[in-house]
Amino acid sequence: MGNCDLSIPIKVNISESSLSLVSDEDQDNWTVAFILKKDIRKIEHSDSGIPFLCLYLTQGSYSRTQKKLGIDRKTSEYDYDVKRRIFIIYNLENLLVDTLSKPYKVINFLSIHFLQTSLVELGPMDAFELLTGAGHGPFAILFSIEYGWIAYFNTLPVSEKNSYEVTRSTDNRKISSYCYFFAFFFSISRRDFVWILVSLVPLVLFREFLYSIFWHPCMIFDQCLDFIAIHQCSNLVCTKFSLVKCSACKVARYCDQECQEMDLEQHRPRCPELKKRRKENHGKQIAKSFFKSEKLPRTETSGLSYEYFISKIQSKIFEHYGDMVTFDLEGLKDDLTLRNVTLSDSLAQCIQELKTSIKNINKLRLS
């Protein structure tokens, strides 16, 4: 359901008598700790901004949970909360449409089965102050950003809202992480940003970076699959992947000049529309409008646009996780079929060739 203590990738399973914290690291699930219902004194919850729960535990339960999470009070005083609170955030990322009911279903379940536990709903300001007071400043900033642009989004005319066609929760978090990143590095250039990503060579360093901007494991794999899908050659008879884009629309990909020429008749009438859709990307427009409404520095001045920010992170994700997604080839084929990817028997080899191309480019950037 969410992350425990905001920084550790944890799934939370709720039953009628307890909560179990399950590791979500690299999709290798194993139970970390149990929190019994009788050990939860109070639950504060927020459904605005990013939905989260704050559990107030008994001293014994909190100490046991901290120990299971590998936090030692003697050596990690900052991580030990004197009010014995555990924070759990939903990986729903403020879903705008039909899945808004999911956080309420969780609260409704708790209200029925956790009758002895006090449930307190927090408003946006109270939630922000709770997070700040608990020492979770970075998440408090992300919370206010996500609440801010969602509030801005809700002021738009219905026709304009519909044009954004928000369909996946990961899109919401991508927008928020971009705004969050610029809250700290508003003057960073494209070159410096690329250098930061390229320098994150060990997987553990890159993973820490993704967690620092609140990208959870399921979202990371989702973006890896998206990267593969958008890099398939646009020539319908070709099943390879390519980094080379049409210079006009910057959407269609081609392995070589031959593939581009073969697809020319089909692509020429679609090219202007693809270019228009790329420029009208809802994430790009919302982020730009939010920066303007909050009177924040314009991101265009640094050259690090929303589109560029996301594309480079996706590329780095693919570089690190590209091999992992091919472990389950049949599952990968199902996921890519949903993304309209044309499959072939050489799928794994084509993906590996794309990964090699990216590695070669990154070596040139480091040299």
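Up top is the structure.
A brief look at the structure comes next.

About the thresholds
- Residues numbered from 1 in each chain as written.
- Predicted model: local features only at pLDDT ≥ 70, side-chain atom pairs only at ≥ 80, totals over all residues.
- Heavy atoms only, no water.
- Helix = DSSP H or I, 4+ residues; strand = E, 2+ residues; numbered from the N terminus.
- Contact = heavy atoms within 4.5 Å.
- Areas by Shrake-Rupley, 256 points an atom, 1.4 Å probe, with all protein chains shown as cover.
- Buried < 20%, exposed > 50% of the residue type's maximum accessible area, 1.4 Å probe, protein only.
- Lys, Arg positive; Asp, Glu negative; His and termini not counted.
- Salt bridge = Lys/Arg side-chain N within 4 Å of Asp/Glu carboxyl O.
- Polar contact = N/O pair within 3.5 Å; in protein donor to acceptor, adjacent residues only side chain to side chain.
- Patch = residues over 30% accessible without salt bridge, like charges linked within 9 Å, V, L, I, M, F, W, Y side chains within 5 Å.
- Axes fitted to C-alpha atoms, helices over the stretch in contact; angles between N-to-C directions.
- Parallel < 35°, antiparallel > 145°, perpendicular 65-115°, else oblique.
- Pairing = 2+ DSSP bridges.
- Phe/Tyr/Trp six-rings, centres within 6.5 Å; stacked < 30°, edge-to-face > 60°.
- Lys NZ or Arg CZ within 6 Å of the ring centre and 35° of its normal.
- Disulfide = S-S within 2.5 Å.
- Expected span 1.5 Å × (residues − 1).
- Core = buried A, V, L, I, M, F, W, Y, C linked by side-chain atoms within 4.5 Å.

**So, the overall build of the protein chain**
Then comes step 1: Of regular secondary structure, the protein chain possesses 15 helices and eight strands.
Then comes step 2: In the protein chain, the share of contacts with a sequence separation of at least 24, taken over all contacts with a separation of at least 6, comes to 65%.
Then comes step 3: Here the protein chain has roughly 18800 Å² of accessible surface; of this, 54% comes from carbon and sulfur atoms.

**Comments concerning the side chain of Arg-253**
Then comes step 1: Note on placement: Arg-253 falls in the loop between helix 9 (217-230) and helix 10 (257-262).
Then comes step 2: Although Arg-253 lies buried, it forms no salt bridge, and the closest oppositely charged side chain, Glu-307, sits 7.7 Å away as judged by the N-O distance.
Then comes step 3: A polar contact of 3.4 Å, which involves the side chain of Arg-253, links it to the side chain of His-231.
Then comes step 4: Excluding its chain neighbours within four sequence positions, the residues that come into contact with Arg-253 are Ile-230, His-231, Gln-232, Cys-233, Ser-234, Ser-242, Leu-243, Val-244 and Lys-245.

**Quick notes on a nonpolar patch on the surface**
Then comes step 1: A cluster of nonpolar side chains, Leu-236, Val-237 and Met-262, forms an exposed patch at the surface whose accessible area comes to about 350 Å².
Then comes step 2: Of note, Leu-236 is situated in the loop between helix 9 and helix 10.
Then comes step 3: Under the relative-accessibility criterion, Leu-236 is labelled exposed at 68%.

**Side note on the pattern of salt bridges**
Then comes step 1: Counting across every chain of the model gives 10 salt bridges.
Then comes step 2: As a salt-bridge pair, Arg-85 and Asp-81 come within 2.7 Å of each other at their nearest N and O atoms.
Then comes step 3: With a relative accessible area of 10%, Asp-81 lands in the buried category.
Then comes step 4: Across the pair Glu-330 and Lys-333 runs a salt bridge whose closest N-O atoms are separated by 3.9 Å. In this pair, Glu-330 and Lys-333 both sit in helix 14 (residues 329-338), three residues apart, roughly one turn of the helix.
Then comes step 5: Ionic contacts of the salt-bridge type, sharing partners, join the residues Lys-38, Asp-39 and Arg-64 into one network.

**Some thoughts on the packing of helix 9 against helix 13 (residues 306-325)**
Then comes step 1: At their nearest, the axes of helix 9 and helix 13 sit 8 Å apart, and the two run at 100° to each other. Regarding the angle of helix 9 to helix 13, the classification is roughly perpendicular. Listed contacts from helix 13 to Ile-220, Phe-221, Gln-223, Cys-224, Asp-226, Phe-227, Ile-228 and Ile-230 of helix 9 are Gln-314, Ser-315, Ile-317, Phe-318, Tyr-321, Gly-322, Met-324 and Val-325.

**As for the pairing of strand 5 (residues 40-46)**
Then comes step 1: In terms of residue burial, strand 5 counts as a mostly covered element, since five of its seven residues are buried.
Then comes step 2: Pairing between strand 5 and strand 6 (residues 52-57): six bridges, direction antiparallel. For Glu-44, the partnering residue across the bridge sits in strand 6 and is Cys-54.
Then comes step 3: In this structure, strand 5 lies alongside strand 8 (residues 118-121), joined through four bridges in parallel fashion. Bridging from a neighbouring strand, Glu-44 pairs with Val-120 of strand 8.

**With respect to the packing of aromatic side chains**
Then comes step 1: On inspection of all chains with the given rule, the structure shows 16 aromatic pairs.
Then comes step 2: Between Phe-52 and Phe-139, the aromatic rings sit 6.3 Å apart at their centres with planes inclined by 85°, giving edge-to-face as the arrangement. Of this pair, Phe-52 sits in strand 6 while Phe-139 sits in helix 4 (residues 137-154), and the two are 87 residues apart along the sequence.
Then comes step 3: With a centroid separation of 5.4 Å and 45° between ring planes, the pair formed by Phe-181 and Phe-309 is classed as tilted. One end of the pair, Phe-181, is in helix 6 (residues 169-184); the other, Phe-309, is in helix 13, and 128 residues separate them in sequence. Here the two residues Phe-181 and Phe-309 agree in accessibility, since each one is buried.
Then comes step 4: One aromatic cluster is present, formed by Tyr-178, Phe-181, Phe-182, Phe-193, Phe-206, Phe-209, Tyr-306 and Phe-309 through successive ring pairs.
Then comes step 5: One cation-aromatic arrangement involves Lys-37 over Phe-114; the distance from NZ or CZ to the ring centre is 5.7 Å.
Then comes step 6: The ring of Tyr-56 is capped by Lys-42, whose NZ or CZ atom sits 4.6 Å from the centre of that ring.

**A closer look at the state of the cysteines**
Then comes step 1: Inspection of every chain in the model, using the stated rule, returns zero disulfides.
Then comes step 2: Between Cys-259, a free cysteine, and Cys-233, which holds the nearest cysteine sulfur, the sulfur-to-sulfur gap is 3.8 Å.
Then comes step 3: What makes Cys-259 buried here is its relative accessible area of 8%.
Then comes step 4: Of all cysteine sulfurs, the one in Cys-246 lies closest to Cys-271, which takes part in no disulfide; the gap is 3.9 Å.

**A word on helix 11 (residues 264-279)**
Then comes step 1: With 16 residues, helix 11 should reach 22 Å at 1.5 Å per residue; the first-to-last C-alpha distance of 22 Å fits that figure.
Then comes step 2: If you check which residues of helix 11 are buried, you get His-267, Cys-271, Leu-274 and Arg-278.

**Examining the side chain of Asp-226**
Then comes step 1: With respect to the element layout, Asp-226 can be found in helix 9.
Then comes step 2: Within the local environment of Asp-226, its side chain forms a polar contact with the side chain of Arg-339, the two groups lying 2.8 Å apart.

**Here's the deal with the nonpolar core**
Then comes step 1: Phe-52, Phe-193, Phe-209, Trp-215, Phe-309, Ile-313 and Ile-317 are the most contacted members of the largest nonpolar core, which has 68 residues in total.
Then comes step 2: Per-element accounting of this core gives the leading share, nine residues, to helix 13.
Then comes step 3: Each residue touching Trp-215, except ones within four places of it in the same chain, is listed here: Arg-173, Lys-174, Ser-177, Leu-210, Ile-220, Gln-223, Ile-310, Ile-313 and Ile-317.
Then comes step 4: Core analysis: the second largest hydrophobic core is formed by 20 residues, Val-12, Leu-21, Leu-53 and Ile-107 among them.

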